[in-house]
Amino acid sequence: LELLECGKEELKSIAATATFTSNIFFWLNSDYFSLGSEIKPLLHTWSLAVEEQYYILFPIFLMFTWRLGIKWILILLSIVFVISLGVAQWGAYNASNAAFFLLPTRGWELLVGVFAAFYLKYNTYLKSLFLNQILSLLGLGMIVYSIIAFDESTPFPSLYALIPTIGTGLIILSSTKQTLIHSLLGSKVLVGIGLISYSAYLWHQ
């Protein structure tokens, strides 16, 4: 009977994955850091579902707001960013499973990339090599710090998540070809690791 129940749950998770709702399914049925989650082969698809939900909703948002102009789009996105981050901070301490899995508490992280993309669409990279060096090094340092300091006891996604996301944004915006970080991240070794990273993650899962 236990095997039959496990089989039914896996079929449900497959259906949820195919409909981009696996984050909702695992929110209702799992704790990402629990021992039982280690035997759920499709657990990793929760993040893909969050991304797909964003890819569906964000273009619709742009369709309805584009005529308002970029200024109002950024204002509205900033409001969404603040609300999402605030809910994530509250949820990390009061509804941690929902905060971990669901788009409303993850949306602000995706919006960091949106703001970076809008900036680069209408602006060029900073002209100062020194400033780019400092900002890109700071960005990498923030990511490395998160890897070392954060663990399963860190409330997430909360204000703590600002550290790696802003760090990533700084790298995107400031690691120009002349910077040390660009040379480091563009090296054959790290590019090779990047190419196999998701496959390695799946194998680990």
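Residues numbered from 1 in each chain as written. Predicted model: local features only at pLDDT ≥ 70, side-chain atom pairs only at ≥ 80, totals over all residues. Heavy atoms only, no water.

Draft legend 1. Representation of helix α2 (residues 22-29) within the structure. Of the positions making up α2, those classed as buried are S22, N23, F25 and F26. Considered in projection along α2, the buried side chains sweep an arc of 160 degrees and stay on one side of the axis. (Buried < 20%, exposed > 50% of the residue type's maximum accessible area, 1.4 Å probe, protein only. Helix = DSSP H or I, 4+ residues; strand = E, 2+ residues; numbered from the N terminus. Arc of directions from axis to C-beta.)

Draft legend 2. Broad picture of a nonpolar patch on the surface. Nonpolar side chains collect at one region of the surface, where F20, I56, L57, I60, M63 and F64 lie side by side and expose about 640 Å² of accessible area between them. Tracing the sequence through the fold places I56 in helix α3 (residues 45-65). Take I56: its relative accessible area is 44%, and that puts it in the partly exposed class. (Patch = residues over 30% accessible without salt bridge, like charges linked within 9 Å, V, L, I, M, F, W, Y side chains within 5 Å. Areas by Shrake-Rupley, 256 points an atom, 1.4 Å probe, with all protein chains shown as cover. Salt bridge = Lys/Arg side-chain N within 4 Å of Asp/Glu carboxyl O.)

Draft legend 3. Spotlight on the environment of T105. Structurally, the position occupied by T105 is in helix α6 (residues 103-122). Classification of T105 as buried rests on a relative accessible area of 5%. It is 27 Å that separates the C-alpha atoms of T105 and W203, two residues lying 98 residues apart in sequence. Not counting the four nearest positions on each side in its chain, T105 is found in contact with S84, V87, A88, A98, A99 and P157. Side-chain polar atoms of T105 contact the backbone oxygen of L102, separated by 3.0 Å. (Contact = heavy atoms within 4.5 Å. Polar contact = N/O pair within 3.5 Å; in protein donor to acceptor, adjacent residues only side chain to side chain.)

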